[in-house]
Amino acid sequence: MLLLESHQPRRRAAMWLSAAAIAATAVIGASLVPAAAYAAGASYTGIVLGVGADETQRVVSWYSSDDSAQIVQLVPTTAVVGGVFPATGATSFTATGTANIASSGGYNRHAALSGLQENTQYSYRVGSDGAWSQTYSFKTQSFEGDYDFLFLGDPQIGSSGNVAKDGAGWADTLAVATSANPNAELLVSGGDQVETANTETQWDAFLAPDQLRQYPWAATIGNHDVGGKAYEQHFYTPNTDYSSAYYRKGNTATESGGDYWYIYKDVLFIDLNSNSYDNATGGGDAAHVSYVTDVVNKHGGEAKYTVLVFHHSIYSPADHAKDSDNKVRRVDFPTTFSNLGVDLVLQGHDHSYARTYEIKNGAKANPDEQPGQDEVFEGPGGVVYVTANSASGSKYYDITAPDASGTSGAGNGADPLNPGNYWYGSVENQEHVRSYVKVQVKKDALVVEGIRSGTCDAPNAAVELGKVLWCGPNNGTAAAKPIGSIIDQVTIHPDHGDGQEIQVDVPAAAPGEFGWTIDGQNGLVDLGTAVEKDGYFEATGAINPIAVSDTRAAQSPWSLSAVVGEFQDGSKTFPGDNLGWTPRVVTAGAGATAGAAVGSGWDGGKGLAISRVLGSAAQGHDRGSAVLGADLDLKIPDATDKGTYRATLTVTALAG
C-alpha cells in the first residue's frame with residue numbers, strides 16, 4: 001500500500017532555491033576584477049552618484065589614491081544589517097578610469113550600475129577587497145508615471161572668495177530642496193560647479209553634501225568648469241560624444257567637454273557644452289545643432305518630452321543678457337529647437353531667475369501671452385526657456401535694462417507688455433537669495449517652479465561678504481520671503497501637433513501565482529493485494545489526481561516531480577525503485593504536458609526511487625489550471641516477506 005504526501009513548505013522552499021540560484025549567477029557574472037589586482041589601503045574621495053542612460057542605471061564616480069583595480073558593490077539595503085555591508089551576495093560592477101592631471105593628483109574611477117529594479121532602496125560602496133569606502137544608499141522609484149526633478153544653477157563654489165561660505169550655502173540648498181522633495185528623482189545641474197576648473201578644494205566643498213551620493217547628479221559643464229580636466233575626472237556621463245567639436249576651440253587635450261543625452265521616464269534630456277560656440281575654431285553651435293537634431297531624430301520617439309540643458313542662458317535678464325556670445329547662440333539655436341519640438345530649455349550662467357514667454361523661431365510665439373502667465377499651451381514650435389539663480393549664494397547678478405536692439409533674434413529690446421523686462425522675459429527675478437527650480441513631469445504637462453531655498457540670512461555668502469548692497473524682493477524694499485516660498489510657477493502644456501494624441505495607462509499585470517494541491521480527498525492510495533506472476537508480485541493503481549493552477553503573468557515554466565521512499569512494514573522493507581508510473585494529463589490546461597513513463601526497477605533502472613517528472617509546462621505557456629494523474633505499477637520479488645507495506649510519495653514543484 002502507498003501513502004501520497006502533500007508537503008506545502010517543501011514546495012515553497014523549492015521555488016526560493018530556484019530564485020536564489022538565478023541571483024548567484026548574476027553576481028558571479030559581474031565580478032570580473034581579478035583579486036590579485038586589488039590593492040589594500042587605498043583611500044577614496046569625491047564619490048558622486050551620476051545619472052545613467054535610463055532609469056534602470058546609475059553611474060558612480062570617485063577619486064582613488066591608488067591606481068588599482070576597483071569595483072562598486074551593490075546590494076538591496078535590506079541586506080545591510082546593523083550598518084554592516086554583507087560579506088557575500090553583492091553584485092559587483094567593474095570600474096575603469098585613468099590618472100588624474102597633476103593638479104588633482106591620484107586617479108579617477110567610475111562604474112555604471114545597470115539592471116536596477118524599481119521601487120528599491122540600494123546600498124553601495126566602492127573600492128576593493130580590504131579597502132572599501134563608506135556605504136551609501138539611493139532608492140529607485142516606479143519606472144513609469146509622473147515624477148519630479150530639481151534643477152540647480154551655478155553653485156560656483158569659490159566665486160565669493162570664501163569656499164567655506166559658498167559650500168555652506170550649497171549644502172543648505174541641497175538639504176532644503178531634498179527635504180521638501182524627498183522623492184525627487186534627479187538633480188540636474190545648470191553648470192559652474194566650481195569657480196576654477198582644477199581647484200580641488202572647491203570640488204571638495206561642492207561634493208561634500210551626501211545628497212550627491214543619494215540622488216543622481218546630471219552634470220552640466222559651465223564656463224568655470226571648462227578650463228581643465230577636473231570636470232571630466234569627477235563626472236562620467238552616458239552617451240557622451242567627446243569629439244573635438246564639442247570642446248571649446250576643439251581643445252580635448254587640456255579642457256573638459258562633450259555633449260551627452262539620456263532618457264529618464266518619458267523625458268529625453270540632451271546636455272550640451274555651450275562653451276563650444278566658436279564656429280571659426282572647429283566647434284560651436286553648428287555641431288550642437290547637428291547633435292541635438294541627430295539625438296531627437298533617433299530617440300525623440302522614445303520619450304514624451306524633450307528637455308535641453310546647457311549653461312549659457314540665451315534669454316538672460318541680468319549681466320550676461322547682452323553678451324556677444326549669447327547673442328550668437330540666440331540666433332543659432334531657437335529655430336532648430338522649435339523645429340525639433342523641444343518642450344523646455346534649462347540654463348544657468350546669469351545667476352538670476354528667469355522664465356521666457358513661449359518662444360518660436362527666435363521670437364515671441366503668442367503676442368497675447370501675458371507677463372507671468374501661469375499656464376502656457378505651447379503651439380507648434382513653442383519652447384519655454386528657464387534660467388536658474390545661484391543655488392549656493394556665492395554670486396548674484398542684478399537684472400539689467402532692455403535697450404533698443406530689437407524684439408526678436410539677438411535683440412535685447414523691451415517687452416511691449418512690460419517695458420521693464422526684456423521682450424522674451426515673462427518673469428525676471430533677483431532677490432539675492434538662494435533658490436532652485438523644481439520641475440514636475442506630469443502626464444500632459446511640465447510644471448516649473450522657482451523656489452527660495454534661503455533668505456537674506458546666512459548662509460548667503462554674497463550678502464554676508466557685502467558683494468551685494470541689498471537683499472529681498474523689489475530690490476530689497478520688501479521683507480525676505482520664507483524658505484520654500486514660490487518665486488514663479490507655470491504649467492507648460494506640450495504641443496500635440498495637428499492630430500489628436502491618445503494615451504492610456506496600462507498597469508502592471510497582477511503577478512498571479514503558481515500552486516498545486518491534491519484534487520479532492522487525499523485518501524490512501526491502495527494498490528490492493530499484489531498478484532503473483534513469473535518470479536515476482538505485481539500491483540497496480542493510480543495516484544490521487546493533482547490539480548495545478550498557474551495564473552502568473554510571466555508565464556514562466558513549471559514542473560511537478562515525485563520520488564518514493566522505501567516500502568516498510570515494521571522491520572520488513574523493500575526499496576522504492578520497485579514502483580514505476582505512467583503520468584497523464586487528466587484535465588488539460590496551464591500548458592501541462594505529462595512526464596515520461598518510468599518502469600518498475602524490477603524491469604531495470606531506479607523506478608521512482610529517484611525524482612521523476614509528473615508534469616510540466618514550458619516558458620510562455622497558457623495561464624490556467626490542469627489536473628495531473630499517474631498509473632502506478634509495482635513489481636517486487638516473490639521472495640518478499642508477507643506483510644502490509646507503505647511508502648510515501650513526495651511531490652515537489654519547481655516554478656521559474
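Residues numbered from 1 in each chain as written. Predicted model: local features only at pLDDT ≥ 70, side-chain atom pairs only at ≥ 80, totals over all residues. Heavy atoms only, no water.

Trainee: Provide a residue-level description of the pairing of strand 7 (residues 121-128), including the pertinent values.
Mentor: For a regular strand, side-chain orientation follows a simple rule: the groups alternate between the two sheet faces. Across the eight residues that make up strand 7, a large majority, seven, are buried. Of the strand pairs in this sheet, strand 4 (residues 71-76) and strand 7 are connected by six bridges, and their pairing is antiparallel. Bridged to Q73 within strand 7 is R125. Alignment of strand 7 against strand 9 (residues 136-139), held across four bridges, turns out to be antiparallel. The partner of S123 across the bridge, within strand 9, is S137. Relative to strand 8 (residues 131-132), strand 7 runs antiparallel, the two sharing two bridges. Residue pairing in the sheet places G127 in a bridge with W132 of strand 8. (Buried < 20%, exposed > 50% of the residue type's maximum accessible area, 1.4 Å probe, protein only. Helix = DSSP H or I, 4+ residues; strand = E, 2+ residues; numbered from the N terminus. Pairing = 2+ DSSP bridges.)

Trainee: An account of the sheet that holds strand 17 (residues 353-356) is requested, with residue identities and associated values reported.
Mentor: Judged by pairing direction, the sheet is mixed, and its seven strands sit side by side in the order 13-14-15-16-21-17-24 without closing on themselves. Every interior strand has two partners, whereas the edge strands, strand 13 (260-264) and strand 24 (425-429), have only one. Strand after strand, the sheet turns through a mean of 15° between neighbouring axes, direction not considered. Of the strand pairs in this sheet, strand 17 and strand 24 are connected by four bridges, and their pairing is antiparallel. Pairing of A354 across the sheet is with E428, part of strand 24. Seen against the sheet, helix 6 (residues 285-299) touches strand 13, strand 14 (267-271) and strand 15 (305-312) and runs at an angle of roughly 160° to strand 14. (Axes fitted to C-alpha atoms, helices over the stretch in contact; angles between N-to-C directions. Contact = heavy atoms within 4.5 Å.)

Trainee: Let's hear about the state of the cysteines: which residues, and what values?
Mentor: Scanning all chains against the criterion turns up one disulfide. Between the sulfur of C456 and that of C471 lies a disulfide, 2.0 Å long from S to S. Taking the torsion about the sulfur-sulfur bond, which here is approximately -95°, the covalent link between C456 and C471 counts as left-handed. Of this pair, C456 sits in the loop between strand 26 (445-452) and helix 9 (461-464) while C471 sits in the loop between helix 9 and helix 10 (473-476), and the two are 15 residues apart along the sequence. (Disulfide = S-S within 2.5 Å.)

Trainee: Break down the pattern of salt bridges for me, with residues and values.
Mentor: By the definition in use, this model includes 20 salt bridges. As a salt-bridge pair, E185 and K265 come within 2.9 Å of each other at their nearest N and O atoms. Of this pair, E185 sits in the loop between helix 2 (163-180) and strand 11 (186-189) while K265 is found in the loop between strand 13 and strand 14, placing the two residues 80 residues apart along the sequence. The two residues E185 and K265 agree in class, both being buried. With a shortest N-O distance of 4.0 Å, D403 and K322 are connected by a salt bridge. Highlighted residues: D403 in the loop between strand 21 (384-387) and strand 22 (414-415) and K322 in the loop between strand 15 and helix 7 (324-332), separated in sequence by 81 residues. (Salt bridge = Lys/Arg side-chain N within 4 Å of Asp/Glu carboxyl O.)

Trainee: Give a detailed account of the nonpolar core, specifying residues and quantitative values.
Mentor: Within the largest apolar cluster, 61 residues are counted, with the highest numbers of intra-cluster contacts made by F269, I270 and L344. Examining the composition of this core, we find that six residues originate from one element, helix 6, more than from any other. Setting aside residues no more than four positions away along its own chain, L344 makes contact with T306, V307, L308, V383, V384, V386, V439, L446, V448 and I492. In this structure, W516, A562, L614 and A647 belong to the second largest nonpolar core, which totals 35 residues. (Core = buried A, V, L, I, M, F, W, Y, C linked by side-chain atoms within 4.5 Å.)

Trainee: I'd love a proper account of the pairing of strand 32 (residues 558-564), names of residues and values included.
Mentor: The buried count for strand 32 comes to six of seven residues, which makes it a mostly enclosed element. In terms of strand pairing, strand 32 meets strand 37 (residues 612-617) through five bridges, oriented antiparallel. Residue pairing in the sheet places A562 in a bridge with R612 of strand 37. Inspection of the sheet shows strand 32 paired to strand 39 (residues 648-655) by seven bridges, in the antiparallel sense. Residue pairing in the sheet places V564 in a bridge with L649 of strand 39.

Trainee: Any details on helix 2? Residues and values, ideally.
Mentor: Its 18 residues place the ends of helix 2 26 Å apart at the C-alpha level, agreeing with the 26 Å of an ideal helix rising 1.5 Å per residue. Burial in helix 2 covers these residues: D166, G167, G169, W170, T173, L174, V176, A177 and T178. Capping of helix 2 at its N-terminal end is provided by N162; its side-chain oxygen lies 3.1 Å from the backbone amide nitrogen of A164. (Expected span 1.5 Å × (residues − 1). Polar contact = N/O pair within 3.5 Å; in protein donor to acceptor, adjacent residues only side chain to side chain.)

Trainee: Quick one: what's the story with the packing of helix 2 against helix 3 (residues 200-207), residue by residue and with numbers?
Mentor: At a minimum axis separation of 8 Å, helix 2 and helix 3 run at an interaxial angle of 25°. Taken together, the axes of helix 2 and helix 3 lie roughly parallel to each other. Seen from above, helix 2 lies across helix 3 with right-handed handedness. For the pair formed by helix 2 and helix 3, the contact residues are V163, G167 and W170 on the first element and T201, Q202, A205 and F206 on the second. Tallied by class, residues from the contact of helix 2 with helix 3 come to four nonpolar, three polar and no charged. (Parallel < 35°, antiparallel > 145°, perpendicular 65-115°, else oblique. Left-handed = near helix turned anticlockwise from the far one by under 90°. Nonpolar A, V, L, I, M, F, W, Y, C, P; charged D, E, K, R; others polar.)

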